[in-house]
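A structural walkthrough
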Amino acid sequence: MGIVNEEAVRQFRTLMEDVDESLTESFGNIYQGYLTETLARFLKAREWNVQKAHKMLLDCLQWRKQNEIDKILTKPIVPVDLYRAIRDTQLVGLSGYSKEGLPVIAIGVGLSTYDKASVHYYIQSHIQMNEYRDRVILPSASKKFGRPICTCLKILDMTGLKLSALSQIKLMTAITTIDDLNYPEKTETYYIVNAPYIFSACWTTIKPLLQERTKRKIQVLKGCGRDELLQVMDYESLPHFCKVEGSGSGSAYGVECSCQRGIASCEAPGTSPRRHQDLSDHRI
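Read on for a plain summary of the structure. In this numbering scheme, every chain counts its residues from 1 along its sequence in written order. At least 70 in pLDDT is required for a residue's local features to be given in this predicted model, at least 80 for side-chain atom pairs to be given and counted, and no such filter applies to totals for whole chains, interfaces and linings, which use all residues. For side-chain calculations, the full set of non-hydrogen atoms in the structure is used, while hydrogens and water are omitted.

**Section: the packing of aromatic side chains**
In this analysis, rings of Phe, Tyr and Trp, with Trp reduced to its six-membered ring, are considered paired at centre separations within 6.5 Å, and the interplanar angle assigns stacked below 30 degrees, edge-to-face beyond 60, and tilted for intermediate values. Counted according to the given criterion, the structure contains 5 aromatic pairs. Taking the centre distance of 6.1 Å and the plane angle of 90 degrees together, the rings of Trp 63 and Tyr 183 count as edge-to-face. With Trp 63 in helix 4 (residues 50-66) and Tyr 183 in the loop between helix 7 (169-182) and strand 4 (187-193), this residue pair connects regions lying 120 residues apart in the sequence. Taking relative accessible area as the criterion, Tyr 183 reaches 6% and is therefore assigned buried. Centroid distance Phe 199 to Trp 203: 6.1 Å. Interplanar angle 15 degrees. Geometry classified as stacked. Secondary structure elements are taken from DSSP: a helix is a run of H or I of four residues or more, a strand is a run of E of two residues or more, and numbering for both begins at the N terminus. Throughout this description, buried means an accessible area under 20% of the type-specific maximum (1.4 Å probe, protein chains only), exposed means over 50%, and partly exposed covers the range between.

Below, the structure is given as structure tokens:
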């Protein structure tokens, strides 16, 4: 969790003792038994200003209440054909864990077209994946590794990226805003791999939308990034598109995976390195 201002956390904890009873369920779903780590995340997002962090968390709790976020995992996108179409064009999956136990989330940015449903449905899907990560994957990782694990790593595959991706700027802005305000400091590092020449043009447009603290976490790796990523995770946890140069998220997975449908279609995690758990599989 890095350096923590214990006095700021203590003051913040005292303020949260008076949280409205109607918000206690949401608060519990946010901190999942790790209150200090959660308060530290909100403090870090507000430069350790207790009053600003307190307001941020209360606003987050109100957002969750107004949008029934605590029930979102029990409200699947229907019909199932629409749900699958969304997930086939919003490529996200869990590939394994870092050497420190952080979940590694693989995202096929370049081939995620977001063109099979309205912005509303893609935002719903994104929030569901956030909630599944926070309520299922991270608590499971904490239990597995015997310590609080409240953040993840993300590997963004730019294979297939086109300038037309900028047509989704409205959706990207909405998702970025939701994450900044309601899921702060959940990602330790963003690794960008398989970046084509067009990436620079897209990055110029996207960069101003990001918070400075987010920009500092982004690392653009050479090629598929395998050598650099092996310093922070084992080979088995690498996404398939980082194992062989040229094996992007839309490929036939080369020798690693026979699946033809992308990250989100692979099977549940197991010992096989070809498998990635679809974060949209949010049954509880």
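**What about the pattern of salt bridges?**
The salt bridge definition used is simple: a Lys or Arg side-chain nitrogen within 4 Å of an Asp or Glu carboxyl oxygen. For the coordinates displayed, the defined rule picks out 13 salt bridges. Where Glu 131 meets Arg 135, a salt bridge forms, and the shortest distance between an N and an O atom there is 2.9 Å. Remark: Arg 135 and Glu 131 occur in helix 6 (residues 119-145); sequence separation between them is 4 residues, near one turn of the helix. The same class applies to Glu 131 and to Arg 135, which are both buried. Put simply, Lys 215 and Glu 212 hold a salt bridge, and the shortest N to O gap is 3.0 Å. Taken together, the residues span about one helical turn, with Lys 215 and Glu 212 both in helix 9 (residues 212-215) at a distance of 3 residues. One network of salt bridges, with partners in common, ties together Lys 44, Glu 185, Arg 213 and Lys 217.

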